[in-house]
Amino acid sequence: MAGGAVLAATDVRTWLPYAAVAAVSALSGLTALARPGRSRPGPAAEPAGPPSEFRDATAEDGRNTSARTSRTESRADATPVAPGRSVYEMTRPVRPVPVQGLVDDPPFTVRAVVHSHVAHIASPGLLGTPEAVHIPLTGHNLLLTLTATGPDEVVLRSLRAEVTDRPPLRADGVALARPRMPDLVMSADLLESAQRAVRAYRRLRSPDVAVLLDHSPAPALAEAGADTALPLTAAPGASATLTCAPVTDDGRWVRWRLTAEIACAGRVWRPWWDLAVTATTGLARFSPDAAPTPAPVHALYPDHYDPRAPEGQRAPSETDRTFQVVAHTSRDGRGVLEMPSRPEPGPEPPGAAEAIRRADALTRAGDLTGAAEAYRSAAEAGSGQAAYLLAGLARNQGDLDGAAHWYERAAARRVPAAYNNLGVLAMLRGDLDGAERWYRRGMDAGDWAAAVGLGVVREKRGDEAQAEELWRLAGKRDVPNADQNLAVLYERQGRHREAGELFTRAAEAGDVQAAVRLGFRCHEAGDRDGAERWWRTAADAGSADGAFYLGLLLVSEGRAEDGERLWERAAARLGTPGRAVARTPPGPAAGTTYRIGAAAEPGEVYAAYELGLLHWERDDHDAALAWWTLAAGTGHVDSVFGLCQLYLNVRGDLGECLRWGYFALDIEGVPADRVAALAAGMREVAEQFAGAGAYESDPGAAAEACSLAAEAYRRLTAHDSAHRPAWEEAVRRLVALAESSGSPRARQQAANAAARLRATG
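For clarity, every value in this text was computed on a predicted model and none was experimentally measured.

Trainee: Got a minute to help me understand the packing of aromatic side chains in this structure?
Mentor: Aromatic rings in a pair are described by how distant their centres are and how their planes are angled relative to each other. One pass over the structure, following the stated rule, counts 13 aromatic pairs. Seen in terms of ring centroids, Trp-535 and Tyr-549 are 5.8 Å apart; in terms of plane orientation they differ by 25°. Their pairing is stacked. In this pair, Trp-535 sits in helix α16 (residues 528-540) while Tyr-549 sits in helix α17 (residues 544-556), placing the two residues 14 residues apart along the sequence. For the ring pair Phe-548 and Tyr-606, a centre distance of 5.5 Å and an interplane angle of 55° mean the geometry is tilted. A residue pair is termed long-range when its members are at least 10 positions apart, and Phe-548 in helix α17 and Tyr-606 in helix α19 (residues 602-617) qualify at 58 residues. Overall, Tyr-606 belongs to the partly exposed group, its relative accessible area being 34%. Within the aromatic cluster, the residues linked to one another by ring pairs are Phe-520, Trp-535, Phe-548, Tyr-549, Trp-567 and Tyr-606.

Structure (structure tokens):
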């Protein structure tokens, strides 16, 4: 209505603009009606390639446009086909295919390229492959170019085709070349993208050979003397090209192999190419005066070869009145859509698959050392998949440097998920520049999980608009955490209705963190039953956070036993084998293992602390010690100070108290008032051990306690000079205690403390 009003106000009388507005309105309605439900489980730590809208995975300029398709054609066998849910500009319709089976540096080159105007796109992992898969439509050109690089002529004597597999077609989108500009363009950067797509368009050649893939058994396509197209001869220093047209009526993902026989200088080579094709477009035609109708590729592009109309009698003018309605997927056209051209990934080295299977079996058996060696042997031989798996093993064991090294090796071998994980590691180190660089490379490789991480980077840099756009796009692709992150952003911006809708949608799709947030929202709104329902949903799905908050709710209502069981279930995960790191003094006792702080869910830590507190109140100090030790190992401040108090006042173990006290000073972000309280407490303990209190006089112990107090005041002074007098007093007292104790260790501590004080002037 608004568009029509604008046209009327500007005195537009022709039917074309009004029809365009009507087409956009119809498309918007179809988009709303066609949005599929979500059924994937919740957040995943590693990148995945879920069924999604997906851009033209190897477009040179990377610009991405999207128009929802109205229907999906069925397969010939009536099995449902995953819809090509979006249409994207194809700016590189000609794509090379790697040749295989050539050895001994032959005196020729043979190059195969696919030229198509429509192709299905499957994101990495969707079809079980690490790379995005480009599946061209039936009737396209396969161009074989033979070049003689030596002094002898080269002859292509025969071609044979063999269908190797017909798995179900699953695709995220359809890449579409454009013979002309669309009738309606919705943004300036989309206009530029469409212009590049039109410039890249070239009509297909009439084929020399039709590759009839549905024939069984597959015959020889062409042989010398049996087909006028062969033999194909390239004179020395010259090239010759043969045009093939793969044809199928099968709506599945048809995987096939083309094998050539090439002769030169008395020798014969038999190279081959692994290729793909399908007959299903998943597109519909929109016109100003008719309902959308299914559109086979020959209707959209008459130059795609059709055995039923081999001369291509359809005139291109038939499609002139079809509205090619498109919409842009980015507000600024930058960042999200960047995609440089990239080389094809190298093949896995011989034996890599067997080494990976052996390593997987060792991992399942708990032999992580043996698994790492098996992965390493394959990775060092050039396997990107083995390098990626070895990096994950190193990361789970707390070796972040080793993980980064092997993820970089995997990234060099074009394993898309490695880029995302390198971004995660950079984020853990606080390197936003590095994280953004890796996340963008991950998106360029087609990994939309990297969009979620990139959104986090942009948000941290204050660019909430782009963070919102990234999470919105990723959410449409069912990428874990995208909807939740966007909902949190909306909530912070006061957009509570939109936040609630996203939290609910994410939680219903299995996102446990979204379920936890919904529990909070219900609790804050006074909906006790809703809070329990969502927290229980999260807890039943394995969320420690959900278990902790549900336990807190039950304990507050007097159901302590039920709450305690939930906390025990959550906290028991801390320190599990394979996800632990040994800490050495001055932290917890050597030989004890704890999970890396960044790897623990907050609910696990909070549950362990609350269990410790619960047992402390029951005077069950052994149980309190056990639970607080688990929580403190992750850096939980309250648990660390609880251990200091327990060791000193209950166990009488000053050494363990001091060990955890030093550990507290190493925890990032400990509030200054907690550090000041630790310093004051240790100074008081020192005085009591010096003979001024209830403890038995022990100058050595007094000096140890005073040394910790001095170190605490030193760290406070680094941020606030008001603590310097207390630091100076603690150092003077430490020097005096060290002299009276006669302990060499105490004297060394005093000397070090005095030197640090003098160094600051």
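After presenting the structure, the write-up continues.
Trainee: Please clarify how helix α14 (residues 496-508) should be interpreted in this entry.
Mentor: Within an α-helix, residues lying three or four positions from one another point in the same direction, as the helix has 3.6 residues per turn. Helix length check: α14 (13 residues) gives 18 Å between terminal C-alpha atoms against 18 Å at 1.5 Å per residue, within 8%. If you check which residues of α14 are buried, you get Ala-499, Gly-500, Leu-502, Phe-503, Ala-506 and Ala-507. Projected onto a plane normal to the axis of α14, the buried residues spread over an arc of 165° and lie on a single side. Turned more than 90 degrees away from the buried face of α14 sit Arg-497 and Glu-508, all of them exposed. Packed against the buried residues of α14 are α13 (482-492), α15 (512-524) and α16.

Trainee: Please clarify how the environment of Gly-475 should be interpreted in this entry.
Mentor: Along the chain, Gly-475 turns up in helix α12 (residues 464-476). C-alpha of Gly-475 to C-alpha of Leu-502: the two residues are 27 residues apart in sequence and 9.4 Å apart in space.

Trainee: Please clarify how the pattern of salt bridges should be interpreted in this entry.
Mentor: Between side chains of opposite charge, a pair can form as their charged atoms come close. Under the defined criterion, the tally for this structure stands at 43 salt bridges. For the salt bridge of Arg-492 with Glu-464, the shortest nitrogen-to-oxygen distance reads 3.1 Å. Remark: Glu-464 occurs in helix α12 and Arg-492 occurs in helix α13; sequence separation between them is 28 residues. Given a relative accessible area of 46%, Arg-492 falls into the partly exposed group. For Glu-464, a relative accessible area of 29% gives the class partly exposed.

Trainee: How should I be thinking about the nonpolar core in this particular structure?
Mentor: In a soluble, globular protein the nonpolar side chains are often hidden away together inside. Counting 59 residues, the largest nonpolar core has Tyr-439, Met-443 and Trp-535 as the members making the most contacts within it. Counting residues per element, this core draws most heavily on α17, which supplies seven residues. Counting 51 residues, the second largest nonpolar core, distinct from the first, contains Tyr-647, Leu-654, Cys-657 and Ala-712.

Trainee: How do you make sense of the environment of Gly-423 when you look at a structure like this?
Mentor: Within the secondary structure, Gly-423 sits in helix α9 (residues 416-428). Taking the C-alpha atoms as reference, Gly-423 lies 9.5 Å from Asp-433; in sequence the two are 10 residues apart.

Trainee: Would you mind going over unusual backbone geometry with me for this structure?
Mentor: Glycine aside, residues mostly have negative phi angles, and peptide bonds mostly take the trans form. The omega torsion across Leu-230 and Pro-231 is 0°, close enough to zero to call that bond cis. In this structure, Pro-231 sits in the loop between β11 (220-223) and β12 (232-234). Despite not being glycine, Ala-265 has its phi angle at roughly 50°, a positive value. With respect to the helices, strands and loops of the structure, Ala-265 is situated in the loop between β14 (254-264) and β15 (267-269). Relative accessible area serves as the criterion here: at 57%, Ala-265 is assigned to the exposed category. One non-glycine residue, Arg-414, adopts positive backbone phi at about 65°.

Trainee: Would you take a moment to explain the environment of Ala-175 for this structure?
Mentor: Within the secondary structure layout, Ala-175 lies in strand β9 (residues 173-176). On a C-alpha basis, the gap between Ala-175 and Glu-89 in space is 5.8 Å, while along the polypeptide they are 86 residues apart.

Trainee: I keep staring at the side chain of His-298 and nothing clicks. Help me out?
Mentor: The topology assignment puts His-298 in helix α4 (residues 297-300). Of the residues examined, His-298 reaches a relative accessible area of 8% and is grouped as buried. Side-chain polar atoms of His-298 contact the backbone oxygen of His-304, separated by 3.2 Å.

Trainee: How do you make sense of the packing of helix α11 (residues 449-460) against α12 when you look at a structure like this?
Mentor: Running from N to C, α11 and α12 cross one another at 165°; their axes reach a closest spacing of 8 Å. Relative to α12, the element α11 is oriented roughly antiparallel. Both α11 and α12 take part in a crossing whose hand is left-handed. Touching Ala-451, Val-452, Leu-454, Gly-455, Val-456, Arg-458 and Glu-459 of α11 are Gln-466, Ala-467, Leu-470, Trp-471 and Ala-474, all from α12. When the residues that make up the contact of α11 with α12 are grouped by side-chain class, the tally is eight nonpolar, two polar and two charged.

Trainee: Help me understand the pairing of strand β10 (residues 209-212) in this model?
Mentor: Looking along a regular strand, one sees the side chains alternate between the two faces of the sheet. Along β10, the buried face is formed by Val-209 and Val-211; none of Ala-210 and Leu-212, which line the opposite face, is buried. Across four bridges, β10 lies against strand β13 (residues 239-247) in parallel orientation. By the bridge assignment for β13, Ala-210 is matched with Ala-245.

Thresholds applied
Residues numbered from 1 in each chain as written. Predicted model: local features only at pLDDT ≥ 70, side-chain atom pairs only at ≥ 80, totals over all residues. Heavy atoms only, no water. Phe/Tyr/Trp six-rings, centres within 6.5 Å; stacked < 30°, edge-to-face > 60°. Helix = DSSP H or I, 4+ residues; strand = E, 2+ residues; numbered from the N terminus. Buried < 20%, exposed > 50% of the residue type's maximum accessible area, 1.4 Å probe, protein only. Expected span 1.5 Å × (residues − 1). Arc of directions from axis to C-beta. Contact = heavy atoms within 4.5 Å. Salt bridge = Lys/Arg side-chain N within 4 Å of Asp/Glu carboxyl O. Core = buried A, V, L, I, M, F, W, Y, C linked by side-chain atoms within 4.5 Å. Polar contact = N/O pair within 3.5 Å; in protein donor to acceptor, adjacent residues only side chain to side chain. Axes fitted to C-alpha atoms, helices over the stretch in contact; angles between N-to-C directions. Parallel < 35°, antiparallel > 145°, perpendicular 65-115°, else oblique. Left-handed = near helix turned anticlockwise from the far one by under 90°. Nonpolar A, V, L, I, M, F, W, Y, C, P; charged D, E, K, R; others polar. Pairing = 2+ DSSP bridges.

Keep in mind that these numbers describe shape and distance, not what the molecule does.
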